[in-house]
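# Results of the structural survey
One letter stands for each residue in the lines below.
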Amino acid sequence: MTALDFKSRAHAAMNDAKLAPALKRMKSHFQTGRAMAAARFPEFEMLRDRAAAIRRRSIALMPDLLERFEANATAAGMQVHWAADAAEACAIAARICRDNGVRRAIKSKSMATEEIHLNAHLAREGIEAIETDLGEYIIQLRGERPSHIIAPAIHLSKEDVAETFRAAHGDLPPGRDIAERTALVKEARVKLREAFLTADAGITGANMLIAETGTILLVSNEGNIDLTATAPRLHIAIAGLDKIVESWDDAGIVLRVLARSATGQDMSSYVTCLTGAAAEGEAGPRQSHIILLDNGRSAMRASNKAEMLACIRCGACLNHCPIYAATGGHAYGGTYSGPMGAVLTPLFDGLRENADLPNASTFCGRCQEVCPVRIPLPMLLRHWREDAFAAGIPPRGERWGLGLWRWAGRANWRYRLATRAASLGLRLTGWWQRGTIRRLPLAGGNFTATRDMTPPSGASFQSRWKGQR
Amino acid sequence: MSQPEAALFVTCLADLMRPEVGFAAASLIQRAGFTVVVPRQGCCGQPNYNAGDKAGARDLAKAAIAALERFEIVVVPSGSCGGMIAKHYPHLFEADDPWRPRAERLASRTLELTQFLARHPLPDGPKAPAGKIAYHDSCSARRELGVLAEPRALIAAHTDAEIVPIADAESCCGFGGTFCVKYPEISARMASEKTAAIAATGAGMLVAADLGCLLNLGGTLKRQGSPIAIKHIAELLAGEP
């Protein structure tokens, strides 16, 4: 967590010459991908409706479904743990590692573990955790957080990655050419293969928890999740309570909208389904644990932002967000970025500290338009603004201005007086500045910082319209 | 037989910043066969609503409802303010609030200008000269109200304009009400990307149905020294110079 606020981080990001082209590539790649996936699949809209209904039903039945999941997972040989918050989840994971003599763990990409800062906790316990998703591996080497939910290193160029590998991989011969993507992937693969073969435990997240059989479902494109979950002798999965669905049928519907919305693939390259633990003589981990993470989700379920729990973390809202396209993910300052982050981060990290996030939106509504489960993200952001206003968080000037506008608008003569004065003021300013207002000392002069303002040509419409009643 | 009445809700921005839009809208409503009434009116309450001040928005909405509810049709030359009334007003009041049915009735009678003109067509007349224009859809018209075909059909029917498509047309222009002064740097970035896309069309004029977008984009274009003029669709259709 950085000490700067959103505006400063956004300012830094927008002045990062390398970031803008990366974000432009990201936007065009993902937007085109989704549009093409939708276009070649006529049932997509219908399937979105079904997925939206399934996810809402899953959240409505969440406590019961989680109990069914627990019973079925336990019966299949998995150990189920419940964590109320980040600290408890980290403590459970660390205890399981300690009890089993784990020194080195491999990890697949998991936002839940990002959310609870698991790697840092394990490091304090003397346990090394190595990310095996390529993007996550790169940002782990750089000590950064993911800047995009499905493409965590999207902010970096291949030159940045080469530089990172040169700094981190001491045995990399200086003469070896790693300028191209394939060479970078090969270099990472050598390191990661060694980690896969030597790790004592594998830590994953979960894309869905299927209640009827106690199954964990995971999707990936790199194949690293299969290896992370099954190569070491011990598997620990960490999943938010919201990942629950009732049945395989439900999971199938959600899967069919997930990759299409995320990357524009019809289906991710790998779908890994794990039930129970390996028996004597079977391949796979002998011990399998799942930590079910609440961390504010139950409270959210009881609030007017409950629909956010339907989110399947595809990232379509980021990919289509004009704010994200301008600032990138790090400006949001939390685990999640984009519209989903603007809804989730105030929940996880506090509204007062993150009051900018729900405000930094024009309510353009594109996120809601592309959300595979039709979450009304602008309305959820609006609810945060209402909470912030009720808590007196907006600056005093803004609150007074709104109060004055409300007061003026309640009696028409006051509104007319205000517009009359404003009209006169703007026309005088325009006259003074020779026809075009280039500087207007209102709201910090922010409107006219980058725009000219044409003063009104005459008095207000209402004052000139004849026969008003 | 007397003509039916339609109320014009002119919006604060048109009322104050560009009164010509109000007069043009009134003349179009008249030409569509209605008697225009302009009841005394203020703001729809969107600035308060978008800032999280729901109680303030409710107060302003009540004033607007009281002013407009006696009319069968209310016309708004803005997707943003039109969407506020037609889509958001009912949500301002609890289900058992006596204002709820009044808000719902007004919502069902409120039309954005191009929606209104699509339902109540203008008589055929000489086509206004316009040349090559770029048409920008406001996010509220496009996504809240689903208005996309109406303005294009009106422009094709009543002007000689050639509408050239703007690349990445679905992206927001960065106005967003108070967003443009709260987050000026992000807003300016969004606006300049939009004006670059507009300039690339080769159009001589930018037309939109929302003054918020037009003041943002027109102001940015002018600051950039661009010769591209802006016009509200009401002014274009009314044949104003």
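Residues numbered from 1 in each chain as written. Chains lettered and ligands numbered in written order. Predicted model: local features only at pLDDT ≥ 70, side-chain atom pairs only at ≥ 80, totals over all residues. Heavy atoms only, no water.

## Some details on the overall build of chain A
What counts here: Helical segments are the DSSP runs of H or I of at least four residues, strand segments are the runs of E of at least two, and each set is numbered from the N terminus. Accessible area is worked out with a 1.4 Å probe on protein chains only. A residue is then buried under 20% of its type maximum, exposed over 50%, and partly exposed in between. Whether two residues are in contact is decided by their heavy atoms, any of which lying within 4.5 Å being enough. Shrake-Rupley sampling with a 1.4 Å probe provides the accessible areas, and residues are treated as covered by the protein chains on show and by no other component. Residues counted as positive are Lys and Arg, residues counted as negative are Asp and Glu, and His and the chain ends are not counted. A single reference atom marks each charge: NZ on Lys, CZ on Arg, CG on Asp, CD on Glu.
Each helix and strand in chain A was counted, giving 23 helices and 10 strands. When the backbone C-alpha atoms are referred to their principal axes, chain A occupies close to 90 × 60 × 45 Å. Burial statistics for chain A: of 469 residues in total, 56% are counted as buried. Within chain A, contacts between residues separated by at least 24 positions form 73% of all contacts whose residues are at least 6 apart in sequence. Surface summary for chain A: the accessible area is close to 20,000 Å², and the carbon and sulfur share equals 56%. Within chain A, the 48 negative side-chain charges are centred at a point lying 13 Å from the centre of the 60 positive side-chain charges.

## Topic: the domain arrangement of chain A
For the record, the criterion: Each domain span listed reflects an automatic or database assignment of domains.
Segmentation of chain A into domains returns domain 1 (6–298) and domain 2 (396–464). Using C-alpha coordinates to define each centre, domain 1 of chain A is positioned 51 Å away from domain 2 of chain A.

## With respect to unusual backbone geometry
Residue and element names in this part refer to chain A. Its identity as a non-glycine residue notwithstanding, phenylalanine 363 has a phi of 55 degrees, on the positive side. For arginine 374, which is not a glycine, the phi torsion comes out positive at approximately 55 degrees. Mapped onto the fold, arginine 374 is located in the loop between helix H18 (366–370) and helix H19 (377–390).

## What about the packing of aromatic side chains?
To be explicit about the condition: Here the aromatic set is Phe, Tyr and Trp, taking the six-membered ring for Trp, and pairing holds for ring centres within 6.5 Å; pairs whose planes are under 30 degrees apart are stacked, those over 60 apart are edge-to-face, and all others are tilted. Here, a charge over a ring means that NZ of Lys or CZ of Arg falls within 6 Å of the ring centre while also lying within 35 degrees of the ring normal.
Under the criterion given, the structure shown has 14 aromatic pairs over all chains. Ring plane angle 50 degrees and centroid distance 6.3 Å describe the contact between tryptophan 431 of chain A and tryptophan 432 of chain A, whose orientation is recorded as tilted. Across the pair, exposure class does not vary: tryptophan 431 of chain A and tryptophan 432 of chain A are exposed alike. Members of the aromatic cluster, connected to one another through ring pairs, are Phe6, Tyr324 and Tyr332 of chain A together with Phe179 and Tyr183 of chain B. Here arginine 382 of chain A stacks its cationic end above the ring of tyrosine 49 of chain B, 3.7 Å away from the centre of that ring. The ring of tryptophan 407 of chain A is capped by arginine 414 of chain A, whose NZ or CZ atom sits 4.0 Å from the centre of that ring.

## Some words on the domain arrangement of chain B
It is common to give the size of an interface as the accessible area that goes away when the parts come together. All names here are of chain B. To keep things clear, this is the line we draw: Accessible area that two parts lose when put together, with a 1.4 Å probe and added across both, is what the buried area reports.
Under the domain assignment used here, chain B contains domain 1 (5–119) and domain 2 (132–237). Each of domain 1 and domain 2 has a C-alpha centre, and these two points are 22 Å apart. Overall, the association of domain 1 and domain 2 removes approximately 1,900 Å² of surface from exposure, summing both partners, and the carbon and sulfur fraction of that is 67%. When the area that domain 1 buries against domain 2 is broken down by residue, the three leading residues are Leu13, Arg18 and Thr114, summing to 28%.

## Some details on a nonpolar patch on the surface
Threshold: Each patch is built from salt-bridge-free residues with over 30% relative accessible area, joining like charges within 9 Å and nonpolar side chains (Val, Leu, Ile, Met, Phe, Trp, Tyr) within 5 Å. Any Lys or Arg side-chain nitrogen found within 4 Å of a carboxyl oxygen on Asp or Glu counts as a salt bridge.
A contiguous nonpolar surface patch, about 570 Å² in accessible area, is contributed by Leu424, Leu428, Trp431 and Trp432 of chain A. With respect to the secondary-structure elements, leucine 428 of chain A resides in helix H21 (residues 412–432).

## Details of the side chain of histidine 169 of chain A
Checked against the element boundaries, histidine 169 of chain A lands in the loop between helix H9 (158–168) and helix H10 (181–198). In this view, histidine 169 of chain A contacts Tyr137, Leu141, Glu187 and Lys191 of chain A; residues no more than four positions away in its chain are not counted.

## Some details on the interface of chain A and chain B
At the interface, 65 residues of chain A touch 63 residues of chain B. Between chain A and chain B, roughly 5,900 Å² of surface is buried when both sides are summed, and carbon and sulfur atoms account for 55% of that area. Taken together, the connections running from chain A to chain B amount to seven salt bridges. Glutamate 369 of chain A is paired through a salt bridge with arginine 143 of chain B; the nearest N and O atoms lie 3.2 Å apart.

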